[in-house]
Amino acid sequence: MKTLLMAIDNSPVAEKVIALTIEQALAQQAQVTVLCCVDPAYSSCNQPIEIDAGEDPDDFVVAQDEQNTAEMVVRHALSPLLRAGIDARGLILAGEAAETIVAQSEALHASMIIMGRRHLSPLNRLLKGSVSATVIERASCPVLIDVRKD
């Protein structure tokens, strides 16, 4: 079975990435792994956190810290995937986002990475770098970027 890797964060574009992933997963009859990366400096554990798709995101309190926010983002993304009948699981990993996304896509033998773009200003793009551009350059599988603005 094909595996799609959906990389998301807590940005407004996440909803569009979820919708695009549902469309692609249904069209390709693929399973989905939802990945959210957290800064290692804010991670309280050294192991990946796996989340099953049957849990209701409304059962979890909105988090204060980055790791809890990542859990909320992944749970929120899993809910519509589950409703659409897509086999999905969530994963939270500590690490630099682009490197972690590419490494996880290789570990999963993903057939595609689906993610969004933050539309950074030229200055912020220069200072922070573009995660999506780096993933496109380094990934060994196709990368589908949702570039629609909010």
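The rules behind each value
- Residues numbered from 1 in each chain as written.
- Predicted model: local features only at pLDDT ≥ 70, side-chain atom pairs only at ≥ 80, totals over all residues.
- Heavy atoms only, no water.
- Helix = DSSP H or I, 4+ residues; strand = E, 2+ residues; numbered from the N terminus.
- Contact = heavy atoms within 4.5 Å.
- Areas by Shrake-Rupley, 256 points an atom, 1.4 Å probe, with all protein chains shown as cover.
- Buried < 20%, exposed > 50% of the residue type's maximum accessible area, 1.4 Å probe, protein only.
- Pairing = 2+ DSSP bridges.
- Right-handed = clockwise from strand over helix to strand, strands pointing away.
- Disulfide = S-S within 2.5 Å.
- Core = buried A, V, L, I, M, F, W, Y, C linked by side-chain atoms within 4.5 Å.
- Axes fitted to C-alpha atoms, helices over the stretch in contact; angles between N-to-C directions.
- Left-handed = near helix turned anticlockwise from the far one by under 90°.
- Nonpolar A, V, L, I, M, F, W, Y, C, P; charged D, E, K, R; others polar.

Focus on the overall build of the chain
Within the chain, the regular secondary structure consists of five helices and six strands. Element order for the chain, N to C, with α for helix and β for strand: β-α-β-β-α-β-α-β-α-α-β. Taking all contacts inside the chain whose residues are at least 6 apart in sequence as the whole, residues at least 24 apart take part in 78%. With the model as given, the accessible surface of the chain reaches about 8,300 Å², and the carbon-plus-sulfur share is 51%.

Some details on the pairing of strand E1 (residues 3–7)
Within E1, five of the five residues are buried, leaving the element largely enclosed by the surrounding structure. Covered by surrounding structure in E1 are Thr-3, Leu-5 and Ala-7 together with Leu-4 and Met-6, the residues of both alternating faces. Examined bridge by bridge, E1 and strand E2 (residues 31–38) share five bridges and lie parallel to one another. Bridge pairing in E2 links Ala-7 to Leu-35. Considered for its hand, the β-α-β crossover made up of E1, helix H1 (residues 14–28) and E2 is right-handed. As judged from the four bridges shared by E1 and strand E5 (residues 112–116), these two strands associate in the parallel manner. In the sheet register, Leu-5 faces E5, and the bridge partner there is Ile-113.

Concerning the state of the cysteines
Simply put, disulfide is the name for a covalent bond between the sulfur atoms of two cysteines. In this structure the tally under the stated criterion is zero disulfides. Residue Cys-36 stays outside any disulfide, its sulfur separated by 6.7 Å from that of Cys-37, the closest cysteine. You can call Cys-36 buried: its relative accessible area is 4%.

Overview of the environment of Val-143
Mapped onto the elements of the fold, Val-143 is located in strand E6 (residues 143–146). Each C-alpha atom, one on Val-143 and one on Ser-132, is 8.8 Å from the other, the two residues being eleven residues apart in sequence. Excluding anything up to four places from it in sequence, Val-143 contacts Ile-113, Met-115, Val-135 and Ile-136.

Brief notes about unusual backbone geometry
Residues apart from glycine generally show negative phi values, whereas peptide bonds are mostly found in trans. Phi is positive for Gln-29, close to 50°, though the residue is something other than glycine. Relative to the assigned elements, Gln-29 resides in the loop between H1 and E2. Its identity as a non-glycine residue notwithstanding, His-109 has a phi of 55°, on the positive side. Tracing the backbone through its elements, the reader meets His-109 in the loop between helix H3 (97–108) and E5.

Considering the nonpolar core
Residues Leu-4, Met-6, Ile-8, Val-32, Val-34 and Leu-81 are the most contacted members of the largest nonpolar core, which totals 25 residues. Broken down by element, the residue count for this core peaks at six residues, all from helix H2 (residues 66–83). Setting aside its immediate chain neighbours within four residues, Val-34 contacts Met-6, Ile-8, Val-74, Ala-77, Leu-78, Leu-81, Arg-89, Gly-90 and Leu-91.

A few points about the packing of H1 against H2
Helices that pack against each other are described as a pair by the angle of their axes relative to one another and the distance between those axes. H2 packs onto H1 with a crossing angle of 30° between their chain directions and a minimal axis gap of 10 Å. The hand of the H1/H2 crossing is right-handed. Mapping the contact onto sequence places Glu-15, Ile-18, Thr-21 and Ile-22 in H1 and His-76, Ala-77, Pro-80 and Leu-81 in H2. For the contact of H1 with H2, the residue count by class is five nonpolar, two polar and one charged.

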